[in-house]
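# Remarks on the overall topology
As a plain string of letters, each chain reads:
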Amino acid sequence: MTPAVEYETVIGLEIHVQLATRTKMFCSCGLGFGEEPNTRTCPVCLALPGALPVINAEAIHFGLMIGLALGCKLNDRSIFDRKQYFYPDSPKGYQISQNEDPLCSGGELGGVRIHRAHLEEDAAKTIHSGGGGGRIQGSAASVVDFNRGGTPLCEIVTEPDITSAEQAGEFLRLLRTTMRRIGVSDVNMEEGSLRCDANISIRPVGQQELGVKTELKNMNSFRFIERGIRAEVARQEGLLRAGEPVVQETLHFDPRTERLTSMRSKEEAHDYRYFPEPDLTPVTITPEMLERARAAMPELPAARQARFADELGLNPDTAKLLAWRTELGDYFEAALAEGDADAVPLANWTTNELVQRLGADVDPAGSNVRPAALAGLVTLVTEKKITAGAGKTVLDKLVAEGGDPTAIVETENLAAMGGAEELAPVVAAALEAQPDVAARIRGGDMKPIGAIIGAVMKETKGRADGKEVTRLVREQLGL
Amino acid sequence: MSAELIALSAKAAADAMASGDLDRTEYFEAYRARAAADELNAFTWVAEEAAGEPVDGELGGVPLAVKDLFCTEGVPSQAGSRILEDYRPPYTATVVEKLAAAGTVLLGKTNQDEFAMGSSNENSAYGPVLNPWDRTRVPGGSSGGSAAAVAAGLAPWALGTDTGGSIRQPAALCGITGLKPTYGTCSRYGMIAFASSLDQAGPFARDVTDTALLYRHMAGKDPRDATSVGHPDEIVLPTAQDLRGVRLGVPENLTGEGVEPGVLAAFEAALEQAKALGATVERVPLPHADFGLSAYYVLAPAECSSNLARFDGVRYGMRAEAADLTSMYTRTRHDGFGPEVKRRIMLGTYALSSGFYDAYYASAQKVRTLIADDFAKAFDRIDFLVTPTSPGVAFGLGALTDDPLAMYLNDYFTVPMSLAGIPAISLPCGLSEGLPVGLQLAGPAFSENRLLDAAHALEGALGFDGSAVLGTNPRGGDGPVGPNDGGLVG
Amino acid sequence: MISRDQVLHVARLARLELTDEETVTMSEELSKVLGHIEKLSELDLTAVAPTSHVVAVDVALRADEPHVSLSQEVALAAAPDVADGGFRVPSPQA
């Protein structure tokens, strides 16, 4: 019996990022955010007869920033083309996109090579309605809303460098945080400002030639992408092992049923009849435009992660968490700059205690806890002015009401109990109150010491240092 | 009285209104009444009254006829097509806005070949326009309504568009003056597109001075048209009375073959006049001009196939009802577009379809380069090229409708300039069989001022008289100054 | 030169319904015009750069400043069929 063939997965991603400009790609309509339908339109984005597109300078600027963030070559001349197809969401009968001469070529992010990044316009929204219960298949009519039509998009295409669903998810998370960091997009998958298609194929390990690929369309969360890819890889492997071919097609993944369904193929093969958009001249990138894009670039998450790990000694997970969540990293760095707190405990307090209390998606900058307050709190703990437990109480208070940690320690009487002279009488009283426990300890059984410590803590409202209590117990019992 | 008003040049009328010697309402009403009584089918819509507040500009109070394909807010803008029947856009084309700001008053919208595709105005969904010189003949196209209206004194001047000859050829066939400006000098915003890289707005008038005056207020860079550049020079009214030192070039491949003898005779007589005015005339090679029509009939249909994709029955215009989307599209476009438009959409779609791009579209764009280079070389030696505007005089209605290719050959002399984006003017240079013959002068990009000057000098010498169809008697002893009373130079 | 099948394929791409008669006429007419256009193949164009814009224009970019959009009423005014504030179209599949 021959050993079973091992397959490897080859994935390339096409990501659409909606740019957070004020106006649309080719007209001055403001971007729509849930307004009444068709209240963000003009002759250009409704494709009225005679209207002409004019490129939004800020979209080019954002495109250049994306190119810089992805290490792309920024082409000094790029060309917009017409990609022609009829559909109600495409009012001109063509989408203005870039085909042969994109704004950005090549590049790399998180170990995945970038093939290209180009600019285009988003389609309008088609709402299927009427007929059989509003489902796409059975609907008798659709209603088109052009508010979204013409929103600037940057399409980022990777090389087929990704080998697993997990890597795809990891890459997308890095891409999302990078886009968010440079401020070009809200990159919100649920709201559609980040959309991803995956081209998936498998091949026997060692084979050079790529297998037949399928395209998984428009998955709207990271988890669904990973699950969808896993399902598709399993499906392809099943086909190949059964001796059946993979057919090139576009698939839809239903996260509820985990099922992949082939999207109805158009009645003929795509023939987009691309040609250079005659209404727009080629985009030439001036040194001034490049300089402006470079000047606008902040430190990127990958670089920040490395700096946090290398210069501040944070552990890899904490460094990544702070670097990839820009607002968390910014808060951490503000706190670091405003106080004397050590980086490592401050990072831990930020990523654990603070995040726990605020919620994972809340920007701490908007909370009651000022960065200086958190830094002060961490310093109090590391200098043993208060115990860690008291620190958490102080943080609760800060989250609820804000304020200054030292003042809270004062008013709440949370300062750590000082040395032996203050604590010794309390310990003595505790031992006296539980003579049998004292006897067992004296006899060498250390297990019941918890009862003594608990009594001391109760008496001191948690301000006592547990280690110091243990030392005093041993001392007073002559051990 | 009306005849006297109609005989005034637009400039003379504007001056008279500015000085208070002519009443705006009276002048407008004189034209409005004639336009409303139009027997040539030149208008598709005529204003009921002078709309808006009077504007005191250089053109203050002068009525303007506008080719249907310019969008005019609230006013039918149908581009001669059934698919846009009674479409009233919510905005106005930049060029029309600019002219209104200079004082023109919208008189009406003029008939045209559907989406500017045609050379006879027989492709209009609203019926053919008749040539005022002979109502059994076509006025030329695609801006046939504008040309006929100006020639017949239904409008003092008019706006047209020229993609491959659509201003120059009807100007020639109707015996008036028409300018196709340098590509990009006038905004295309609000002009319902035929072929984006070739379309250009331009003026029709009864003399060169009015042509210059109208163009002067049309040119200008428009932030809403990314391909507009405006004009580097202010357009000034022409003054030249002679052609001393002007070098004219006749293309070597203009042999007379395919040109009607009467047209050739009028053209050659005009060249003699030019020489008498001091010009030199020489032959210049334009080795790739013969490829112009082939390139044009790839590029223009390709762009039109794309530009007309927006007419899909969804947002405006007519819709043929159907149960499913694809049938709605195909039936709407079947019913809404006329045969010539369908022919060009098919041709253009074919030329852009997978596997044919390089052979057709890319090759045509390269030929465009060669033709532009030919012109550049020619203009090293000469100031202006000169040709007949059209190989023939106005032909009979229906004469060429069954032969698209023969119809396309009408554009033989006008298409190369469109491909190169250079300015060219057609002015009447005589009659053949009692019908006007047009002379085309073409210059380098942005040479409009010199071009208009040369045309002005020639116009004076040629002394073309269009009064026969104007319905006036401008040459009468004590009448107002006629359109062709330039200074004559012997 | 251009077959009935090609005509029908192109008509599908262009979303144009053609009757049988129109298909025949179209095939003849397109063949004739394409025959004329074939003249382009007489030229050696390998070393020639294509011209897509005749007049050299500096890139025309627009400042990212919003204008007032059309009202829904104006946007929908010319639409053949309107529902729920949008443009109603037949379903792609029916």
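All values derive from a computational prediction rather than experimental measurement.

### Let's talk about the overall build of chain B
Secondary structure assignment for chain B yields 16 helices and 11 strands. Computed over the C-alpha atoms, the radius of gyration of chain B is 21 Å, within 12% of the 23 Å expected from 2.2 N^0.38 for a compact globule of 490 residues. Along the longest, intermediate and shortest principal axes, the C-alpha atoms of chain B span 70 × 50 × 45 Å. Scored against the burial criterion, the 490 residues of chain B give a buried share of 69%. Residue pairs in contact within chain B that sit at least 24 positions apart in sequence constitute 77% of those at least 6 positions apart.

### Re the overall build of chain A
Along the backbone of chain A there are 15 helices and 18 strands. Taking 479 residues into account, the globule formula puts the C-alpha radius of gyration at 23 Å, and chain A, at 30 Å, lies well above it. With the C-alpha coordinates of chain A rotated into their principal frame, the extents come out at 95 × 65 × 50 Å. Here chain A, with 479 residues, has 44% of them falling under the buried criterion. A fraction of 68% describes how many contacts in chain A between residues 6 or more apart in sequence connect residues 24 or more apart.

### What to know about the domain arrangement of chain A
If you check the domain split of chain A, you get domain 1 (7–292), domain 2 (301–411) and domain 3 (420–476). For domain 1 of chain A and domain 3 of chain A, the distance between their C-alpha centroids amounts to 66 Å.

### A short note on the interface of chain C and chain B
Taken together, the contact between chain C and chain B spans 43 residues of the former and 54 residues of the latter. Those elements giving two or more residues to the side of chain C that touches chain B turn out to be helix 1 (4–13), helix 2 (20–37) and strand 3 (86–90) of chain C. If you tally residues by element for the side of chain C that touches chain B, the top one is helix 2 of chain C, at 7 residues. Of the residues belonging to the side of chain C that touches chain B, the class tally is 30 nonpolar, 6 polar and 7 charged.

### Points about unusual backbone geometry
Most peptide bonds adopt trans geometry, and most residues besides glycine take a negative phi value. Cis geometry marks the peptide bond from Gly-141 of chain B to Ser-142 of chain B, where omega comes out at 10 degrees. Along the chain, the position of Ser-142 of chain B falls in the loop between strand 3 (105–110) and helix 5 (144–151). If you check the backbone angles, Glu-258 of chain A has positive phi at about 65 degrees while not being a glycine. On the secondary structure map, Glu-258 of chain A appears in the loop between strand 15 (250–254) and strand 16 (259–262). Judged by the 12 C-beta atoms lying within 10 Å of it, Glu-258 of chain A falls in the exposed class. Positive phi outside glycine occurs at Arg-15 of chain C, with the angle close to 50 degrees. Here Arg-15 of chain C shows up in the loop between helix 1 and helix 2.

### Quick look at the environment of Ala-388 of chain A
All names here are of chain A. In this fold, Ala-388 is placed in helix 10 (residues 388–401). Residue class for Ala-388 comes out partly exposed when judged on the 15 C-beta atoms lying within 10 Å of it. Residues Ala-388 and Lys-24, 364 residues apart in the sequence, show an inter-C-alpha distance of 52 Å.

### Here we look at helix 10 (residues 325–336) of chain B
Under the 1.5 Å per step criterion, the end-to-end length of helix 10 of chain B is 16 Å for 12 residues, consistent within 8% with the ideal 16 Å. Inspection of helix 10 of chain B places Leu-325, Met-328, Tyr-329, Thr-330, Thr-332, Arg-333 and Gly-336 of chain B among the buried residues, and these make up the whole buried set. Where helix 10 of chain B is buried, its residues touch strand 3 of chain C.

### Some thoughts on the interface of chain A and chain C
The interface of chain A with chain C comprises 40 residues on the first partner and 32 residues on the second. Going through the elements one at a time, strand 2 (55–56), helix 1 (57–69), strand 10 (125–129), strand 11 (141–145) and strand 18 (283–284) of chain A are the ones with two or more residues in the side of chain A that touches chain C. The element contributing the most residues to the side of chain A that touches chain C is strand 11 of chain A, with 5 residues. Class assignment of the residues belonging to the side of chain A that touches chain C gives a composition of 18 nonpolar, 15 polar and 7 charged. Strand direction decides the pairing type here: strand 2 of chain A and strand 1 (residues 61–62) of chain C, joined by 2 bridges, are parallel. Within the sheet, the bridge partner assigned to Asn-56 of chain A lies in strand 1 of chain C and is Arg-62 of chain C.

### Let's talk about the packing of helix 7 (residues 208–216) of chain B against helix 15 (residues 448–462) of chain B
Residues and elements named next belong to chain B. It is the contact of helix 7 with helix 15, at a shortest axis distance of 9 Å, that shows an interaxial angle of 160 degrees. Of the possible angle classes, the one that applies to helix 7 and helix 15 is roughly antiparallel. The crossing of helix 7 and helix 15 is left-handed. Contacts between helix 7 and helix 15 involve Val-208, Thr-209, Thr-211, Ala-212 and Tyr-215 on the former and, on the latter, Glu-448, Leu-452, Ala-455, His-456 and Glu-459. A class-by-class count of the residues in the contact of helix 7 with helix 15 yields 5 nonpolar, 3 polar and 2 charged.

### Points about helix 8 (residues 261–276) of chain B
Residue and element names in this part refer to chain B. Here helix 8 is 16 residues long and its end C-alpha atoms lie 22 Å apart, about the 22 Å a rise of 1.5 Å per residue gives. Taken together, the buried positions of helix 8 are Val-263, Ala-266, Phe-267, Ala-270, Gln-273 and Ala-274. All buried residues of helix 8 project into a common sector of 115 degrees when viewed along the axis, lining one side. Those residues of helix 8 that are exposed and aimed more than 90 degrees away from the buried face are Pro-261 and Glu-272. Considering only its buried residues, helix 8 is in contact with strand 7 (247–251), strand 8 (280–284), strand 9 (384–388), strand 10 (424–432), strand 11 (435–442) and helix 15. Of the residues flanking the end of helix 8, it is Gly-278, one or two places downstream, whose phi is positive at about 110 degrees.

### Remarks on the sheet that holds strand 8 of chain B
All names here are of chain B. Taken in spatial order, the 11 strands make up an open sheet running 1-3-2-4-6-5-10-11-9-7-8, and their pairing is mixed. Of all strands in the sheet, those bounded by a partner on one side alone are strand 1 (43–46) and strand 8. Going across the sheet, the axis of each strand differs from the next one's by a mean of 30 degrees, ignoring polarity. One ladder, built from 2 bridges, connects strand 2 (residues 63–67) with strand 4 (residues 157–162); its direction is parallel. Looking across to strand 4, one finds that Val-66 is bridged to Leu-159. In this fold helix 7 packs onto strand 4, strand 5 (177–180), strand 6 (200–205) and strand 10, with an angle of close to 145 degrees to the strand it touches most, strand 6.

### Describing the sheet that holds strand 2 (residues 82–83) of chain C
Pairing is antiparallel in the open sheet, where 4 strands are placed in the order 10(A)-11(A)-3(C)-2(C). Only two strands of the sheet have a single neighbouring strand rather than two, namely strand 10 of chain A together with strand 2 of chain C. When strand 10 of chain A meets strand 11 of chain A, the two strands line up antiparallel, connected through 5 bridges. Across the sheet, Lys-125 of chain A pairs through a bridge with Asp-145 of chain A, a residue of strand 11 of chain A.

### Some details on the pairing of strand 2 of chain B
Counting buried positions over the 5 residues of strand 2 of chain B gives 5, a clear majority of the element. Here strand 2 of chain B shows two buried faces, one formed by Pro-63, Ala-65 and Lys-67 of chain B and the other by Leu-64 and Val-66 of chain B.

### Thoughts on the confidence of the model for chain B
Per-chain confidence: chain B averages 94 in pLDDT, with 96% of residues scoring 70 or above. Long-range and interchain partners of residues 473–490 of chain B, a stretch whose pLDDT sits below 50, account for 41 contacts in this model, where long-range means more than four residues apart.

### With respect to the packing of helix 7 (residues 326–338) of chain A against helix 9 (residues 371–382) of chain A
Residues and elements named next belong to chain A. Look at helix 7 against helix 9: their axes get within 8 Å of each other, and the N-to-C directions meet at 65 degrees. For helix 7 against helix 9, the interelement crossing comes out right-handed. The residues of helix 9 that touch helix 7, namely those facing Tyr-331, Ala-334, Ala-335, Leu-336 and Glu-338, are Pro-371, Ala-372, Leu-374 and Ala-375. In the contact of helix 7 with helix 9, the residues fall into 8 nonpolar, no polar and 1 charged.

Reading the values: the criteria
- Residues numbered from 1 in each chain as written.
- Chains lettered and ligands numbered in written order.
- Predicted model: local features only at pLDDT ≥ 70, side-chain atom pairs only at ≥ 80, totals over all residues.
- Helix = DSSP H or I, 4+ residues; strand = E, 2+ residues; numbered from the N terminus.
- Rg over C-alpha atoms; globule rule 2.2 N^0.38 Å.
- Buried ≥ 20, exposed ≤ 12 C-beta atoms within 10 Å, placed from the backbone.
- Contact = placed C-beta atoms within 7 Å.
- Domains from an automatic or database assignment.
- Nonpolar A, V, L, I, M, F, W, Y, C, P; charged D, E, K, R; others polar.
- Expected span 1.5 Å × (residues − 1).
- Pairing = 2+ DSSP bridges.
- Axes fitted to C-alpha atoms, helices over the stretch in contact; angles between N-to-C directions.
- Parallel < 35°, antiparallel > 145°, perpendicular 65-115°, else oblique.
- Left-handed = near helix turned anticlockwise from the far one by under 90°.
- Arc of directions from axis to C-beta.
- pLDDT = per-residue confidence, 0-100.

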